[in-house]
Amino acid sequence: IATLRMLGGPHKVRAASQTVRHWRAMTSSARFEDVLKAIEGSATELREGGAAVPSILIAEADMALGYIRNDWGDIQGASEFIVRNQEPLWAWLADPLERFLLATTVGHHAQHRGDHVKADVWLNERAKARKVGGRGNHPYAANDYRFLAENAMMAGRLEDAERILR
């Protein structure tokens, strides 16, 4: 990343984008303040890049800001970033893993906001993306059903939760 920054021009854009991805992956092993500062700095670089920066890279950076805020309990602060960027990113992303990660973020955010209908949609998309990616029988796929059942329980639909877990 440092070499890309030194090269400048389009390489600097790539460096900012990769910095966002790196620090988003570090959310569970680094201090929130460090992650937030790094991603906000890279998001600002991307926004200031003008027409040379694809809008989807800015959307990815903003979604990362929403993801870390949501993950650290700032549901209100996350909303601005997640709600604004979920549809453009979903339409653009083709890779099942990327779709899985986006559906997870949006689904959990909707659940935390109490929008259980929307959470159901996105958590089902999460399970579908795992299957499309060839990981439908992976042991961690049980989490997809657990999250769907948890959401149903939070919405007061206990029979649905039980049906999901059978």
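Going by the structure above, here's the rest.
Residues numbered from 1 in each chain as written. Predicted model: local features only at pLDDT ≥ 70, side-chain atom pairs only at ≥ 80, totals over all residues. Heavy atoms only, no water.

1. Observations regarding the overall build of the chain
Next up, step 1: When you go through the chain residue by residue, the secondary structure sums to nine helices and zero strands.
Next up, step 2: With the C-alpha coordinates of the chain rotated into their principal frame, the extents come out at 55 × 35 × 30 Å.
Next up, step 3: For the chain, buried positions account for 43% of its 166 residues.
Next up, step 4: In the chain, the proportion of contacts linking residues at least 24 apart, taken out of those at least 6 apart, comes to 50%.
Next up, step 5: Summed over all atoms, the accessible surface of the chain reaches about 9200 Å², with 56% contributed by carbon and sulfur.
Next up, step 6: Side-chain charges of the chain comprise 22 positive and 21 negative groups, with the mean position of each set lying 4 Å from the other. (Helix = DSSP H or I, 4+ residues; strand = E, 2+ residues; numbered from the N terminus. Buried < 20%, exposed > 50% of the residue type's maximum accessible area, 1.4 Å probe, protein only. Contact = heavy atoms within 4.5 Å. Areas by Shrake-Rupley, 256 points an atom, 1.4 Å probe, with all protein chains shown as cover. Lys, Arg positive; Asp, Glu negative; His and termini not counted. Charge placed at Lys NZ, Arg CZ, Asp CG, Glu CD.)

2. Description of the pattern of salt bridges
Next up, step 1: A full pass over the atoms with the stated rule returns 18 salt bridges.
Next up, step 2: Residue Glu 33 is joined to Arg 31 by a salt bridge in which the shortest nitrogen-to-oxygen separation is 3.9 Å.
Next up, step 3: Connected through salt bridges with shared partners, the residues Arg 47, Asp 62, Glu 80 and Arg 84 form a single ionic network. (Salt bridge = Lys/Arg side-chain N within 4 Å of Asp/Glu carboxyl O.)

3. Some remarks on helix H2 (residues 10–25)
Next up, step 1: The end-to-end C-alpha separation of H2 is 23 Å, in line with the 22 Å expected for 16 residues at 1.5 Å each.
Next up, step 2: Buried within H2 are the following residues: Val 13, Ala 15, Ala 16, Ser 17, Thr 19 and Val 20.
Next up, step 3: Tucked into the core, H2 has its buried residues touching helix H1 (2–7), helix H3 (32–48) and helix H4 (55–71). (Expected span 1.5 Å × (residues − 1).)

4. A short note on the packing of H3 against H4
Next up, step 1: Close contact between H3 and H4 brings their axes to 9 Å; oriented N to C, the two are set at 160°. Comparing the axis directions of H3 and H4 gives the class roughly antiparallel. When the axes of H3 and H4 are compared, the crossing they make is left-handed. Where H3 abuts H4, its residues Phe 32, Val 35, Leu 36, Ile 39, Glu 40, Ala 43, Leu 46 and Arg 47 lie against Leu 57, Ile 58, Ala 61, Asp 62, Ala 64, Leu 65, Ile 68 and Arg 69.
Next up, step 2: Across the contact of H3 with H4, the residue classes tally to 12 nonpolar, no polar and four charged. (Axes fitted to C-alpha atoms, helices over the stretch in contact; angles between N-to-C directions. Parallel < 35°, antiparallel > 145°, perpendicular 65-115°, else oblique. Left-handed = near helix turned anticlockwise from the far one by under 90°. Nonpolar A, V, L, I, M, F, W, Y, C, P; charged D, E, K, R; others polar.)

5. Overview of the packing of aromatic side chains
For any two aromatic rings, the description comes down to two numbers: the centre-to-centre distance and the angle of the planes.
Next up, step 1: Applying the stated rule across the entire model yields two aromatic pairs.
Next up, step 2: Consider the rings of Phe 32 and Trp 72, whose centres lie 5.2 Å apart with planes at 45°: the pair is tilted. A residue pair is termed long-range when its members are at least 10 positions apart, and Phe 32 in helix H3 and Trp 72 in the loop between H4 and helix H5 (75–92) qualify at 40 residues.
Next up, step 3: Look at Phe 32 and you get buried, because its relative accessible area is 18%.
Next up, step 4: On the basis of relative accessibility, which here comes to 45%, the residue Trp 72 falls in the partly exposed class. (Phe/Tyr/Trp six-rings, centres within 6.5 Å; stacked < 30°, edge-to-face > 60°.)

6. Observations regarding the environment of Arg 31
Next up, step 1: Relative to the helices and strands, Arg 31 is located in the loop between H2 and H3.
Next up, step 2: With 17 residues separating them along the chain, Arg 31 and Arg 14 place their C-alpha atoms 24 Å apart.

7. Some thoughts on the environment of Ile 1
Next up, step 1: The residue Ile 1 is located in the segment before H1 in this model.
Next up, step 2: Judged by relative accessible area, Ile 1 falls into the partly exposed class, the value being 45%.
Next up, step 3: As a C-alpha pair, Ile 1 and His 22 span 21 residues in sequence and 9.8 Å in three-dimensional space.
Next up, step 4: Among residues more than four places away in sequence, those in contact with Ile 1 are Ala 15, Gln 18 and Thr 19.

8. Regarding the side chain of Asp 120
Next up, step 1: Its location among the elements puts Asp 120 in helix H7 (residues 116–132).
Next up, step 2: Classification of Asp 120 by relative accessible area gives buried; the value is 16%.
Next up, step 3: Leave out the neighbours within four places in its chain, and Asp 120 touches Leu 148, Asn 151 and Arg 157.

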